[in-house]
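# Geometric and topological summary
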Amino acid sequence: MLKIGIILGSVRQGRNGEAVANWTYEFATNRNDDAVYEIVDLVDYNLPFLGAVVPEAGKQEAEAAIKAWSEKIASFDGYIFVTPEYNHAIGGALKNALDYLNPEVNNKAAGFVGYGGLGGARAYENLRLILGELQVADVRTAIGFSLMTDFENFSEFKPADYHATNANEMLDQVLSWSGALKKIR
């Protein structure tokens, strides 16, 4: 059975990402695939900025957060990244979290669920570049939720039904690639 992490890539207060990640989890789980899905929320990991000086009083906590993040991410066969688009890219918290990883994600697969003014397309295209360097195989099909059409008043998540087609295609691809890559790890 494959383990797929749904990575919630925003820590911003009032974020829309939690609703999007929950929708993704429910959609994936309801397919009854031969996979286990789990939401991994960056809010639960208090990661320091990579390379920043951590005060002595906070070093033990920082090291524990980095270790917990690394172990959690290593435990998955593949990923679905739920990312907002901030300034034509992924948010800083997700980029920082990814900078702590390398062997934990090598030879695994990833799919994307973006949200923003243009459905998060520029964010997940940015994420493709980052993950390529980490030797993560990203799948072609992605889901893009528009703040203007899939959110009422830009905050209440009400996705259009047509997203199910891309969601099914993306999940099929993530599972296929994750299964294939598991054989070479």
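A brief look at the structure comes next.

Scoring rules and cut-offs
- Residues numbered from 1 in each chain as written.
- Predicted model: local features only at pLDDT ≥ 70, side-chain atom pairs only at ≥ 80, totals over all residues.
- Heavy atoms only, no water.
- Pairing = 2+ DSSP bridges.
- Helix = DSSP H or I, 4+ residues; strand = E, 2+ residues; numbered from the N terminus.
- Axes fitted to C-alpha atoms, helices over the stretch in contact; angles between N-to-C directions.
- Contact = heavy atoms within 4.5 Å.
- Salt bridge = Lys/Arg side-chain N within 4 Å of Asp/Glu carboxyl O.
- Buried < 20%, exposed > 50% of the residue type's maximum accessible area, 1.4 Å probe, protein only.
- Polar contact = N/O pair within 3.5 Å; in protein donor to acceptor, adjacent residues only side chain to side chain.

Below, the discussion takes up the sheet that holds strand 3 (residues 78-84). If you trace the five strands from one edge of the open sheet to the other, you get 2-1-3-4-5, paired in parallel fashion. In the strand order of this sheet, the two ends are held by strand 2 (35-41) and strand 5 (136-146), each with one partner. This sheet shows a mean twist of 20° between the axes of neighbouring strands, independent of strand direction. Bridge count for strand 1 (residues 2-8) against strand 3 is five bridges, and the pairing is parallel. Paired with Gly5 across the strands is Tyr79, a residue of strand 3. Where helix 5 (residues 163-182) meets the sheet, its contacts fall on strand 1, strand 2, strand 3, strand 4 (108-116) and strand 5, and the angle it forms with strand 5 comes to roughly 165°.

Another point: the pattern of salt bridges. Scanning the entire structure with this criterion turns up 15 salt bridges. Here Arg185 ties to Asp77 by a salt bridge, and the two come within 2.8 Å at their closest N and O atoms. Placement of the pair is Arg185 in the segment after helix 5 and Asp77 in the loop between helix 2 (59-74) and strand 3, with a sequence separation of 108 residues. Through salt bridges with shared partners, a single network forms among Arg15, Glu18 and Asp41.

What follows covers the side chain of Asn96. Tracing the chain through its elements places Asn96 in helix 3 (residues 92-99). Here Asn96 falls in the buried class, since its relative accessible area comes to 9%. With residues near it in sequence (within four places) discarded, Asn96 still touches Leu47, Pro48, Phe49 and Leu50.

The next point concerns the environment of Val54. Here Val54 is to be found in the loop between strand 2 and helix 2. Separated by 117 residues in the primary sequence, Val54 and Leu171 have C-alpha atoms spaced 39 Å apart. Excluding anything up to four places from it in sequence, Val54 contacts Pro48, Lys59 and Ala62.

The next point concerns the side chain of Arg128. Relative to the assigned elements, Arg128 resides in helix 4 (residues 121-133). At 3.2 Å, the side chain of Arg128 forms a polar contact with the backbone oxygen of Arg140. Filtering out sequence-adjacent residues up to four positions away, Arg128 remains in contact with Phe112, Asp138, Val139, Arg140 and Ala142.

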